[in-house]
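In case you want the letters, here they are:
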Amino acid sequence: MAVMRVNPTRMELKRLKGRLKTAQRGHKLLKDKTDEMVRQFIVYARKNKELREQVEFELGEAMKSFVLARAVMEPSGIEEAILMPSRTVSLTCDKKSVMSVVVPSIHINEGEQSDLYPYSFLTVTNEMDSSIETLNKLLVKLIELAEVEKTTNMLADEIEKNKRRVNALEYVMIPQLEETIKYIVLKLEENERGSLVRLMKVKDMIADRQ
């Protein structure tokens, strides 16, 4: 590890020891924070996986029903079935903090629900009814999945950044400070030995003249 370019003085030694102490304390705090963020990430990742599996399964079932309905229904009947909304929702987007990471928080405000099937049953098949009912129930899960997935991605990015900071402190900054401190200590000891030798020579010279 390369030694920093500094003047080997006691003042510089004191300053570097302070920096080393701060770096070691910062390394520990960052490492503890990263460990807790990883724990939170695992919680969100599991929730994300569970929600995604549910949504993908139910979407698949809805699409199967829709394809079957489309095979036997007239285009005008399909258009009638899907153009009339059976429910309305409004979203309130806010923010929350997860281990100092600002992530989205989506609140769902459901309006009054009208008739789930706002169309004539004479022109619509059971498969279309089933498809619309499934999609109607999926709305809230889709919004929740979006929130959880975004939070998971943001935590993953922050964990990666923190790991780079921890590694920079652990493998670059702290070893460099330790090597520089060792270099200054050796240099000061060498200077002290040199000063002592000169003093002894001066003392011998004075003794010889007497």
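The rules behind these values
Position numbers for residues count from 1 along each chain, tracking the sequence in the order it is written. A pLDDT threshold of at least 70 governs which residues receive local features in this predicted model, and a stricter bar of 80 or more applies before side-chain atom pairs are shown or counted, although totals over entire chains, interfaces and linings include all residues. Here the side-chain values reflect all heavy atoms present in the structure, with hydrogen atoms and water set aside. Strands qualify as paired when DSSP identifies two bridges or more between them. To qualify as a helix, a DSSP run of H or I must reach at least 4 residues; to qualify as a strand, a run of E must reach at least 2; elements of each kind are numbered from the N terminus. For every residue, the predictor assigns a confidence score, pLDDT, that lies between 0 and 100. Only protein chains enter the accessibility calculation, which uses a 1.4 Å probe. A residue is then buried if its area is under 20% of the maximum for its type, exposed if over 50%, and partly exposed in between. Definition of nonpolar core: a set of buried residues of the types Ala, Val, Leu, Ile, Met, Phe, Trp, Tyr and Cys, connected through side-chain atoms within 4.5 Å. The contact definition used throughout considers only heavy atoms, calling two residues in contact when any of these lie within 4.5 Å. Basic side-chain nitrogens of Lys or Arg form a salt bridge, by our definition, when they fall within 4 Å of a carboxyl oxygen of Asp or Glu.

Novice: Whenever I open this one, the pairing of strand S2 (residues 101–110) confuses me. Can you help?
Specialist: Along a regular strand, successive side chains alternate from one face of the sheet to the other. Where strand S1 (residues 89–98) lies against S2, 10 bridges are found, and the strand directions are antiparallel. Each residue of the ladder has a partner; that of Cys93, found in S2, is Ile106. Here S1 folds back onto S2 in antiparallel fashion, the turn holding 2 residues, of which Met99 has a positive phi close to 55°.

Novice: Is there a simple way to think about the confidence of the model for the protein in this case?
Specialist: Note: predicted coordinates in regions of low pLDDT should not be interpreted at a detailed level. This prediction gives the protein a mean pLDDT of 84; 87% of its residues lie at or above 70. When the elements of the protein are averaged for pLDDT, helix H2 (residues 75–83) gives the smallest value, 69, and helix H1 (residues 10–72) the largest, 91.

Novice: Which parts of the structure should I look at to understand unusual backbone geometry?
Specialist: Generally, phi is negative for residues other than glycine and the peptide bonds are trans, each holding for most cases. One non-glycine residue, Met99, lies in positive phi territory at about 55°. Since its relative accessible area comes to 28%, Met99 is described here as partly exposed. The residue Ser100 is not glycine, and still its phi comes out positive at about 70°. Here Ser100 lies in the loop between S1 and S2.

Novice: Whenever I open this one, the nonpolar core confuses me. Can you help?
Specialist: Proteins that are soluble and globular tend to have nonpolar side chains buried together. Leu16, Leu177 and Ile184 are the most contacted members of the largest nonpolar core, which has 14 residues in total. Secondary-structure elements contributing two or more residues to this core are H1 and helix H3 (126–209). Considering every element that reaches this core, the biggest residue donor is H3, with 7 residues. When sequence neighbours within four positions are dropped, the list of residues in contact with Leu16 reads Met4, Val6, Leu177, Thr180, Ile181 and Ile184. By size, the runner-up hydrophobic cluster in this structure holds 12 residues, among which are Leu51, Val98, Val103 and Leu145.

Novice: Help me understand the pattern of salt bridges, please; the structure alone is not making it clear to me.
Specialist: Think of it this way: side chains of opposite charge can pair up when their charged atoms draw near. In total, this model carries 14 salt bridges according to the counting rule given. Between Glu147 and Lys96 there is a salt bridge, with its nearest N and O atoms 3.7 Å apart. Taken together, the positions of Glu147 in helix H3 and Lys96 in strand S1 put the pair 51 residues apart, joining distant regions of the chain. By relative accessible area, which is 13% here, Glu147 ends up buried. We classify Lys96 as partly exposed; its relative accessible area is 32%. In this structure, a network of salt bridges that share partners links the residues Arg52, Glu56 and Glu149.

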